[in-house]
Amino acid sequence: MAAAWLDQTFALVHGEDGDGRRKAVADWRARHVDPEWADFTLTVCAEGCPWPEVMAALQEAAPLGAEARTVIVPAADNLFTRAKELPGAVKALLEKPPEGVNLLLVAWSTLPASPGKALGAKPWTDWAKAGRILKVSALEATEIPGFIEAEARRLGLSLHGAAVTLLAQRQGGNPGLIKRALEVLDLLAEDHQVSEAMVDQVTFRLAEQKAFAWSGAWQKGDAAGALRALRMALEDGDEPLMLLGQARREVDRLLKYAEAQAQGLKGPELTAALGLSPKQSFLLDGYRGTFDRLRPRGVKALLGRLNQCERDLKGLAISRSEAPLLDLTLSLCRAWGR
């Protein structure tokens with residue numbers, strides 16, 4: 001990692017390499033935040049927060065005796081979606097960072113730097129020239145097999161047949177995902193011999209976990225997180241119908257909740273009607289709140305979107321684009337969001 005970037009008091013790290021991104025944030029934080037003062041001088045903003053929240057955090061005064069305040073903005077991709085609409089006050093601050101304050105912006109995706117794009121105009125072009133921007137992007141297609149083989153050698157694994165090719169297809173160019181898959185294979189392969197079948201088993205399970213990450217995000221109303229999980233899953237070649245299955249299960253439970261309410265079911269009977277165990281009764285509040293907001297008409301509309309998306313994914317509709325799945329994600333976020 002470039003030492004010059006670590007020295008920057010106003011900096012940006014972006015890219016899909018999760019391991020590289022986490023290391024960059026940890027190293028930058030260690031350079032600029034005194035552990036003894038962290039409770040008083042460090043502010044970590046909410047994921048996906050707007051520029052006004054960032055500005056407010058930067059304008060807080062440092063406590064007496066502290067050299068500087070530090071603000072970290074995780075999952076800041078949304079701040080770059082409308083680069084041309086950067087508020088004047090924000091632009092002035094980014095062009096001439098004040099003394100006594102540090103700022104780190106963290107974007108989980110690679111931000112384009114071509115003209116008119118996120119990093120293609122001032123002040124970001126000036127940031128790039130000054131060494132304030134660190135890119136930790138995914139591997140190129142030609143680099144993936146070599147990276148897999150190098151990591152396999154590090155772990156003492158021997159990959160046989162089409163194991164390398166299948167792993168590259170399933171995990172894509174994300175170094176972190178590749179490392180996690182190989183670490184799981186290291187545990188699975190007692191003799192360190194990895195077959196294609198073992199890679200298929202492991203990567204399918206990892207894909208299923210990403211489907212849960214997607215559904216978990218939109219159930220919290222986290223649109224940025226849900227779209228990010230969806231993008232990662234699709235880029236990694238995961239089966240869209242697996243994602244759809246997660247959504248259908250939750251919408252089906254809303255329908256069952258509506259039927260149970262109409263029948264006057266309560267307590268354990270209501271829990272059982274939704275297909276939940278007694279230990280899962282705490283989930284009822286979430287379904288109750290969602291149904292109260294949507295009402296039967298809204299649940300019916302959501303079911304219609306789900307069915308339309310399924311028809312599109314199965315090739316029964318005219319369109320073959322990913323737009324219906326994106327639209328469904330946003331609809332689910334609005335339905336579950338508080």
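As a reminder, the structure under discussion sits directly above these lines.
Residues numbered from 1 in each chain as written. Predicted model: local features only at pLDDT ≥ 70, side-chain atom pairs only at ≥ 80, totals over all residues. Heavy atoms only, no water.

Q: What's the story with the environment of F212 in this structure? I'm lost.
A: Structurally, F212 is set in helix 10 (residues 196-219). Looking at F212, the relative accessible area reads 40%, which means it is partly exposed. The spacing of F212 and Q246 is 34 residues in sequence and 7.2 Å in space, taken between C-alpha atoms. (Helix = DSSP H or I, 4+ residues; strand = E, 2+ residues; numbered from the N terminus. Buried < 20%, exposed > 50% of the residue type's maximum accessible area, 1.4 Å probe, protein only.)

Q: Can you help me understand the packing of aromatic side chains in this one?
A: Remark: the centre distance and the inter-plane angle together describe each pair of aromatic rings, the angle taken between the planes. Under the defined criterion, the tally for this structure stands at six aromatic pairs. Ring geometry for W214 and W218: centres 5.8 Å apart, planes at 75 degrees, overall edge-to-face. Of the two residues, W214 and W218 both sit in helix 10, four residues apart, roughly one turn of that helix. According to the relative accessible area criterion, W218 is buried, its value standing at 0%. Grouping aromatic residues by their ring pairs yields a cluster made of F10, F80, W124 and W127. One residue, R21, lies across the ring of W108, its end atom 4.6 Å from the ring centre. (Phe/Tyr/Trp six-rings, centres within 6.5 Å; stacked < 30°, edge-to-face > 60°. Lys NZ or Arg CZ within 6 Å of the ring centre and 35° of its normal.)

Q: What am I meant to see in helix 9 (residues 175-188) here?
A: Think of an α-helix as 3.6 residues a turn; residues three or four steps apart then line up on the same face. Between its first and last C-alpha atoms helix 9 spans 20 Å; for 14 residues at 1.5 Å apiece the expected length is 20 Å, and the two agree. The complete set of buried residues in helix 9 reads P175, G176, L177, I178, A181, L182 and L185. (Expected span 1.5 Å × (residues − 1).)

Q: Explain the nonpolar core to me, please; I cannot follow it from the model alone.
A: For soluble globular proteins, nonpolar side chains are generally found buried alongside one another. The biggest cluster of nonpolar side chains holds 31 residues, and the ones touching the most others in it are W214, W218, L332 and W336. Look past the residues within four positions of L332 in its chain and what remains in contact with it is W214, W218, A247, V251 and L302. Grouped together as the second largest cluster of nonpolar side chains are 27 residues, C49, L58, F80 and A118 included. (Core = buried A, V, L, I, M, F, W, Y, C linked by side-chain atoms within 4.5 Å. Contact = heavy atoms within 4.5 Å.)

Q: In this structure, what is going on with the pattern of salt bridges? I would like to understand it.
A: Pairing between side chains of opposite charge can happen when the charged atoms of each approach one another. Enumeration over the complete set of coordinates arrives at 11 salt bridges. Residue D27 is joined to K23 by a salt bridge in which the shortest nitrogen-to-oxygen separation is 2.7 Å. Of the two residues, D27 and K23 both sit in helix 2 (residues 18-32), four residues apart, roughly one turn of that helix. Relative accessible area serves as the criterion here: at 25%, D27 is assigned to the partly exposed category. A salt bridge links R253 to E250; its shortest N-O distance comes to 3.9 Å. Residue R253 and its partner E250 are located together in helix 12 (residues 240-262), separated by three residues, close to a single helical turn. Just as R253 is buried, E250 falls in that class too. (Salt bridge = Lys/Arg side-chain N within 4 Å of Asp/Glu carboxyl O.)

Q: Help me understand the state of the cysteines in this model?
A: Disulfide: a covalent bond connecting the sulfur atoms of a pair of cysteines. One pass over the structure, following the stated rule, counts zero disulfides. The thiol of C45 is unpaired, and the distance to the nearest cysteine sulfur, on C49, comes to 4.4 Å. Residue C45 is classed as buried on the basis of its relative accessible area of 7%. C333 takes part in no disulfide bond, and the closest cysteine sulfur, belonging to C309, lies 14 Å away. Taking the relative accessible area as the measure of exposure, C333 reaches 6% and is therefore buried. (Disulfide = S-S within 2.5 Å.)

Q: I would appreciate a short explanation of the pairing of strand 1 (residues 10-14) in the present structure.
A: Along any regular strand, the residues point their side chains to alternate faces of the sheet. Burial within strand 1 is extensive, with five of its five residues counted as buried. Burial along strand 1 is two-sided: F10, L12 and H14 and A11 and V13, pointing in opposite directions, are all buried. Inspection of the sheet shows strand 1 paired to strand 4 (residues 101-107) by five bridges, in the parallel sense. Among the inter-strand pairings, A11 is bridged to a residue of strand 4, identified as L104. In the sheet, strand 1 pairs with strand 5 (residues 133-135) via three bridges, with the strands oriented parallel. (Pairing = 2+ DSSP bridges.)

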